[in-house]
Amino acid sequence: IKKMTLIDKPKIFSFILRRESKNNSNQHDNNRDAGPISNYLESLEYIINKDPNNVILIDDKKYLEINLPRVINVREFNNELYNLANIFMLKNSEFCVIQHSGPLHLANILKTPVVVSDFLPLWQGSCGKNDIFVPKNFFSKSENKIISLKKVLTDFVDLFYGNYDKFKDIKVLPSNKYDIKM
């Protein structure tokens, strides 16, 4: 990492993207996965271009090659080094971009700020005082539009608790790139 920057202690930003859909046994777990990498690319580019000493570590088994300078996908490491890399990411990052999964809770234990993108279910999860949550989007098929989070929390409160099957008209969509970039 030091070789990638001009200073001895670069700023590290980590993206740990949950993609377990082939191993998930139900829709609830599928909904917890990260959205497409295209939703994250602008954020990755912004961080890299902001400072030549910024380095991004990414854990994404679906996209091993991201053609940006100073981006390392730890999935390319062997298993032993990969496990250490995840601990390093959680401990040494300025912040981690993650979904609701185990790394969220570990980051909170280590007091590393997180941006929880594609956050779902909305009621679960530990959080630190500097954490930011970017929820999934809820799309009404009959109205052909995204439902506001306020409306979800008032009119569709069961969605808040993960009861997605109760509302056949509502489709769960990933956080979009504009939400994540903010």
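Residues numbered from 1 in each chain as written. Predicted model: local features only at pLDDT ≥ 70, side-chain atom pairs only at ≥ 80, totals over all residues. Heavy atoms only, no water.

What follows covers the sheet that holds strand β8 (residues 145-147). In space, the 3 strands of this open sheet follow the order β8-β7-β9, with antiparallel pairing throughout. Two strands close off the open sheet at either side, each with one partner strand: β8 and β9 (170-173). Here the average twist between neighbouring strands, direction ignored, is 40 degrees. (Pairing = 2+ DSSP bridges. Helix = DSSP H or I, 4+ residues; strand = E, 2+ residues; numbered from the N terminus. Axes fitted to C-alpha atoms, helices over the stretch in contact; angles between N-to-C directions.)

A regular strand carries its side chains on alternate faces of the sheet. Every second residue of strand β7 (residues 137-140) is oriented toward a common face, with Asn137 and Phe139 on one face and Phe138 and Ser140 on the other, all of them buried. As paired elements, β7 and β9 share 4 bridges and run antiparallel to each other. Each residue of the ladder has a partner; that of phenylalanine 138, found in β9, is valine 172. In this sheet, β8 lies alongside β7 in antiparallel orientation, the contact comprising 3 bridges. Its bridge partner being in β8, phenylalanine 139 is matched across the sheet by isoleucine 146. The hairpin turn running from β7 into β8, its antiparallel successor, is 4 residues long, and asparagine 144 in that turn takes a positive phi close to 55 degrees. (Buried < 20%, exposed > 50% of the residue type's maximum accessible area, 1.4 Å probe, protein only.)

Attention now goes to the packing of aromatic side chains. Tallied over the full model, the rule gives 4 aromatic pairs. Relative to phenylalanine 95, the ring of phenylalanine 13 lies with its centre 5.1 Å away and its plane at 65 degrees, an arrangement referred to as edge-to-face. Taken together, the positions of phenylalanine 13 in strand β1 (residues 11-16) and phenylalanine 95 in strand β4 (residues 95-98) put the pair 82 residues apart, joining distant regions of the chain. With 5.1 Å between their ring centres and 85 degrees between their planes, phenylalanine 156 and phenylalanine 167 make a pair best called edge-to-face. On the criterion of sequence distance, the pair formed by phenylalanine 156 in the loop between α5 (149-155) and α6 (157-160) and phenylalanine 167 in the loop between α6 and β9 is long-range, its members being 11 residues apart. Assessed through its relative accessible area of 16%, phenylalanine 156 is described here as buried. With a relative accessible area of 17%, phenylalanine 167 lands in the buried category. (Phe/Tyr/Trp six-rings, centres within 6.5 Å; stacked < 30°, edge-to-face > 60°.)

Any functional reading would require information beyond the geometric quantities listed.
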